[in-house]
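# Notes for the structure review
Residue strings, one per chain:
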Amino acid sequence: MGRHELDAECVSFYSKISFLIISIIIFYSCILKGIDSLSKYVRQKNIKNYRNSGDLIFQIFTTSIVFITQRSLKLENFSKLKRIRCTTFGRDMRYEMSNIINVMWFHLESSRSRFVPRIIGPLLEVALIPVSSIRQNTILIFFNMFVFCFHQSNAIRNEIITHLDRLITEDKGDANFKDLFVKIFLENCECLDFRIKD
């Protein structure tokens with residue numbers, strides 16, 4: 001095989017890889033756009049107050065969490081070359097999806113209790129992703145969940161603490177996660193009731 005044939009094969013191979021990466025990015029972009037549109041519709045129509053809306057909102061949360069935690073989007077596990085290719089053609093869509101979850105959560109207001117404790121475990125998976133912007137979005141939800149549940153139910157508050165204790169005892173969160181978690185909680189506790197601070 002001559003050098004020109006080898007070069008042509010390499011170009012063909014990299015073209016196919018690039019096409020595949022672009023196709024995957026377009027596919028995930030469509031999912032992201034669909035979930036974003038659905039969550040905007042739910043917020044605009046104020047569906048949180050409707051009797052049967054809980055399942056729809058819960059499905060938005062779970063679909064978003066599955067999207068964020070799937071292996072094919074874990075850029076930190078890719079080779080350097082693959083990571084460069086992916087970021088050249090797109091962006092880290094997990095962060096955008098974590099924004100959708102964050103906005104949706106804070107929109108729910110008093111309806112939040114319907115999703116706790118079901119959503120605690122799946123959200124912890126998102127918080128463990130080693131991307132600080134995603135972690136920050138998720139930890140803010142945990143803080144809000146903790147404060148909200150502090151006034152609502154001891155059982156829910158204890159459920160959150162149990163999940164976090166398990167996370168620490170199983171050594172799942174790295175030092176950066178633990179530091180960021182403590183930092184966000186302490187910063188947001190400043191203006192709260194002294195019982196919550198304790």
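Structure shown above.
This text gives an overview of the structure that appears in the document. Only a predicted model underlies this, so the values are computations on that prediction, with no experimental measurement involved. (Residues numbered from 1 in each chain as written. Predicted model: local features only at pLDDT ≥ 70, side-chain atom pairs only at ≥ 80, totals over all residues. Heavy atoms only, no water.)

## Focus: the overall build of the protein chain
Applied cut-off: Going along the chain from the N terminus, every DSSP run of H or I of four or more residues is numbered as a helix, and every run of E of two or more is numbered as a strand. Any residue under 20% of the maximum accessible area for its type is buried, any over 50% is exposed, and the rest in between are partly exposed; the area is computed with a 1.4 Å probe on protein chains only. Contacts between residues were defined by any pair of non-hydrogen atoms, one from each residue, lying within 4.5 Å. For accessible areas, the Shrake-Rupley method is used with a probe of radius 1.4 Å. Any residue's cover is judged against the shown protein chains and nothing else.
Along its length, the protein chain carries nine helices and zero strands. By residue count, 40% of the 198 residues in the protein chain fall in the buried class. Of all intrachain contacts in the protein chain linking residues separated by at least 6 positions in sequence, the fraction that spans at least 24 positions is 74%. When the accessible surface of the protein chain is totalled, it reaches about 11700 Å², and 57% of it is carbon and sulfur.

## Considering the side chain of T138
Inspection of the secondary structure assignment puts T138 in helix α6 (residues 132-152). Excluding anything up to four places from it in sequence, T138 contacts L123, V126 and A127.

## Describing the pattern of salt bridges
The following threshold applies: In what follows, salt bridge is the name for a side-chain nitrogen of Lys or Arg lying within 4 Å of a carboxyl oxygen of Asp or Glu.
What the rule picks out here adds up to three salt bridges. The shortest N-O distance in the salt bridge between D92 and R94 comes to 2.9 Å. Comparing D92 with R94 shows no difference in burial state: the two are buried. The partner of K183 in a salt bridge is E187, and the shortest N-O contact between them spans 3.2 Å. Taken together, the residues K183 and E187, both in helix α8 (residues 175-189) and four residues apart, mark about one turn of the helix.

## Considerations on the nonpolar core
Test applied: By nonpolar core we mean a set of buried residues, namely Ala, Val, Leu, Ile, Met, Phe, Trp, Tyr and Cys, connected to one another through side-chain atoms within 4.5 Å.
Of all hydrophobic cores here, the largest spans 51 residues; its most connected members are F61, W105, L123, F142, M145 and I160. Looking at which element gives the most residues to this core, the answer is α6, with 10 residues. The residues touching M145, leaving out its near neighbours within four places in the chain, are W105, V116, I119, I120, L123 and I160.

## Let's talk about the packing of aromatic side chains
Our working rule: Whether two aromatic rings pair depends on their centres lying within 6.5 Å, for rings of Phe, Tyr and Trp, where Trp uses its six-membered ring; planes under 30 degrees apart make the pair stacked, over 60 edge-to-face, and the rest tilted.
If you walk through the whole model with that rule in mind, you get seven aromatic pairs. Their ring planes at 70° and their centres at 5.7 Å tell us that F61 and F115 sit as a pair that is edge-to-face. A residue pair is termed long-range when its members are at least 10 positions apart, and F61 in helix α2 (residues 53-69) and F115 in the loop between α4 (93-107) and α5 (120-127) qualify at 54 residues. Comparing F61 with F115 shows no difference in burial state: the two are buried. Between F177 and F181, the aromatic rings sit 5.8 Å apart at their centres with planes inclined by 45°, giving tilted as the arrangement. Here F177 and its partner F181 are both found in helix α8, four residues apart, which amounts to about one turn of the helix. Neither F177 nor F181 differs from the other in exposure class; each is buried.

## Comments concerning the environment of T63
Within the secondary structure, T63 is located in helix α2. Distance from T63 to I35, taken between C-alpha atoms, is 8.2 Å for residues 28 residues apart in sequence.

## Some thoughts on the environment of L108
If you trace the backbone, L108 turns up in the loop between α4 and α5. Overall, L108 belongs to the buried group, its relative accessible area being 0%. Along the sequence, L108 and I57 sit 51 residues apart, while their C-alpha atoms lie 9.3 Å from each other.

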